[in-house]
Amino acid sequence: MEYMGSSYDGDYKNGRMEGKGVYTFPTETRYEGDMYDGMFHGRGTLYFPNKSQFEAEWDKGYVVKGKYKFADGLEYDEDNWEYCDGYDRRFYTEICKGLKPAGRSQLTNVDPPRTIPEFHYDCGDGYYNPKTRVIVDYNFKFLRNADDDEHAWIIKTCRKGWDEFVGYKGILCMVTSDKDVTPGNSQTMASESQILS
């Protein structure tokens, strides 16, 4: 286990993890609960570094049923999920504490939002550098390398740490006659101005 970066503190039977125990992954995700023959088995909870948790009933390493709770206390309920659906786009903290006045929108569930390092993205569990394709947690500890699918999703979806013009980028051209289109011609009357792309 020490070669993989994991650790275990708990009961053993015949040299295998069995009984009550705490298994810690190299990512600092921690399982606390029942073990059987080296596998999660019975009641147990996964605690994630971002303070979220997954409490479940396990059967020889597989989840039978479970409940995920986000770091802010929001519990995921597959049958009755109303948070951030097609009809209600409020963040959980806005549902609990109410909306801010007009013009002061909330950008993330964390308020005030984290400051994202320049040329990085906030991908929900840390910061992503698209040049190195490395994701680090919010304390800048390595989490993982992004594959092609995750890279594309982050670039398309997540908040970025820099500003750039994202609107229409047409150029202003002035029409001086039917045949002469000269960008920036100052002798053209304002009524003849057109925006050409």
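This is a predicted model, so every value here is computed, not measured.

Describing the sheet that holds strand 3 (residues 30-36)
Inference 1: In spatial order, the strands read 1-2-3-4-5-6; together these 6 strands make up an open sheet with antiparallel pairing. Among the strands making up the open sheet, the edge pair consists of strand 1 (7-13) and strand 6 (62-69). On average, adjacent strands in this sheet sit at an angle of 10 degrees to one another, irrespective of strand direction.
Inference 2: The pairing of strand 2 (residues 16-24) with strand 3 spans 6 bridges and is classified as antiparallel. Among the inter-strand pairings, Y23 is bridged to a residue of strand 3, identified as Y31.

Comments concerning the environment of N129
Inference 1: Its place among the elements puts N129 in strand 8 (residues 127-129).
Inference 2: Here the alpha-carbon distance between N129 and E118, two residues 11 residues apart in the chain, equals 9.3 Å.
Inference 3: Polar contacts involving the side chain of N129 include one to the main-chain amide nitrogen of K131, which spans 2.9 Å.

Here we look at the sheet that holds strand 10 (residues 142-145)
Inference 1: Spatial ordering of the open sheet is given by 10-9-8-7-11, a layout of 5 strands whose pairing is antiparallel. What marks the edges here is a single partner per strand, and that holds for strand 10 and strand 11 (159-160).
Inference 2: Direction of pairing for strand 9 (residues 134-136) relative to strand 10: antiparallel, over a ladder of 3 bridges. Across the sheet, residue I135 finds its bridge partner in strand 10, namely R144.
Inference 3: Against the sheet, helix 2 (residues 148-157) contacts strand 7 (121-122), strand 8, strand 9, strand 10 and strand 11, and its axis sits at roughly 110 degrees relative to strand 8.

Things to note about the pairing of strand 5 (residues 53-59)
Inference 1: Note: strand 4 (residues 39-47) against strand 5, 6 bridges, orientation antiparallel. Residue pairing for strand 5: G44 is matched across the bridge by A56.
Inference 2: As consecutive antiparallel partners, strand 4 and strand 5 are separated by 5 residues, and within that stretch K51 has a phi angle of approximately 80 degrees, a positive value.
Inference 3: As paired elements, strand 5 and strand 6 share 7 bridges and run antiparallel to each other. Bridge pairing links W58 to V63 in strand 6.
Inference 4: Here strand 5 folds back onto strand 6 in antiparallel fashion, the turn holding 2 residues, of which K60 has a positive phi close to 50 degrees.

Observations regarding the confidence of the model for the protein
Inference 1: Confidence in the prediction of the protein, expressed as mean pLDDT, is 82, and 81% of residues score 70 or more.
Inference 2: Summarising per-element confidence for the protein, the mean pLDDT is lowest in strand 14 (residues 193-196) (46) and highest in strand 3 (97).
Inference 3: Contacts for the low-pLDDT stretch residues 185-197, under 50 throughout, to residues beyond four places or in other chains number 20 contacts.

Calculation rules
- Residues numbered from 1 in each chain as written.
- Predicted model: local features only at pLDDT ≥ 70, side-chain atom pairs only at ≥ 80, totals over all residues.
- Heavy atoms only, no water.
- Pairing = 2+ DSSP bridges.
- Helix = DSSP H or I, 4+ residues; strand = E, 2+ residues; numbered from the N terminus.
- Axes fitted to C-alpha atoms, helices over the stretch in contact; angles between N-to-C directions.
- Polar contact = N/O pair within 3.5 Å; in protein donor to acceptor, adjacent residues only side chain to side chain.
- Contact = heavy atoms within 4.5 Å.
- pLDDT = per-residue confidence, 0-100.

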